[in-house]
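Notes for the structure review
Single-letter residue listing:
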Amino acid sequence: MKINKAEIVKEFGSNEQDTGSIEVQIALLSARIKNLTEHLKNNKQDIHSTRGLNKMVSTRKKLLDYLSKKDIERARAIKSKLGIRG
């Protein structure tokens, strides 16, 4: 699975160069998490990638917590659009 950054930025950002907004950062992290999860299904012994996955999930959770404090409706919208629980 290849991550197409331009499509994600176009979908979640306000314009094509909006890579810094919190929604885009969460969406890009979610795509990377999904890609790495698929890799780990085939390579269960890859401990270094498992650690990287845990760091990405933690970073995404921190970003979602920050967004929830700032604007709960935006946080709920991004969670439902990406299919993130919690």
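Note: the structure precedes this text.
Everything in this summary refers to the structure shown in the same document. Here the structure is a predicted model, which is why all the values come from computation and not from measurement. (Residues numbered from 1 in each chain as written. Predicted model: local features only at pLDDT ≥ 70, side-chain atom pairs only at ≥ 80, totals over all residues. Heavy atoms only, no water.)

Inspection of the entire model under this criterion finds four salt bridges. Note that E23 and R74 form a salt bridge whose closest N and O atoms lie 2.6 Å from each other. With E23 in helix 2 (residues 22-42) and R74 in helix 4 (residues 72-82), this residue pair connects regions lying 51 residues apart in the sequence. Of the residues examined, R74 reaches a relative accessible area of 37% and is grouped as partly exposed. A salt bridge links E38 to K41, with the nearest nitrogen and oxygen atoms 3.4 Å apart. Of this pair, E38 and K41 both sit in helix 2, three residues apart, roughly one helical turn. (Salt bridge = Lys/Arg side-chain N within 4 Å of Asp/Glu carboxyl O. Helix = DSSP H or I, 4+ residues; strand = E, 2+ residues; numbered from the N terminus. Buried < 20%, exposed > 50% of the residue type's maximum accessible area, 1.4 Å probe, protein only.)

The next subject is the nonpolar core. Residues I8, F12, I26, L67 and I78 are the most contacted members of the largest nonpolar core, which totals 21 residues. Secondary structure elements with two or more residues in this core: helix 1 (5-12), helix 2, helix 3 (47-70) and helix 4. It is helix 2 that contributes the most residues to this core, 10 residues altogether. (Core = buried A, V, L, I, M, F, W, Y, C linked by side-chain atoms within 4.5 Å.)

As a further point, take helix 4. Burial in helix 4 covers these residues: A75, I78 and K79. Along the long axis of helix 4, the arc covered by the buried residues comes to 100 degrees, so they all point the same way. For helix 4, the exposed residues lying more than 90 degrees away from the buried face are R76, S80 and K81. Residues of helix 4 that are buried make contact with helix 1, helix 2 and helix 3. A positive backbone phi angle near 75 degrees is found at G83, which sits one or two residues after helix 4. (Arc of directions from axis to C-beta. Contact = heavy atoms within 4.5 Å.)

Looking at the secondary structure, you find Q45 in the loop between helix 2 and helix 3. Its relative accessible area of 70% is what places Q45 among the exposed residues. When the C-alpha positions of Q45 and Q25 are compared, they lie 28 Å apart, and in sequence the two are 20 residues distant.

Within the secondary structure, K79 is located in helix 4. Taking the C-alpha atoms as reference, K79 lies 9.5 Å from A27; in sequence the two are 52 residues apart.

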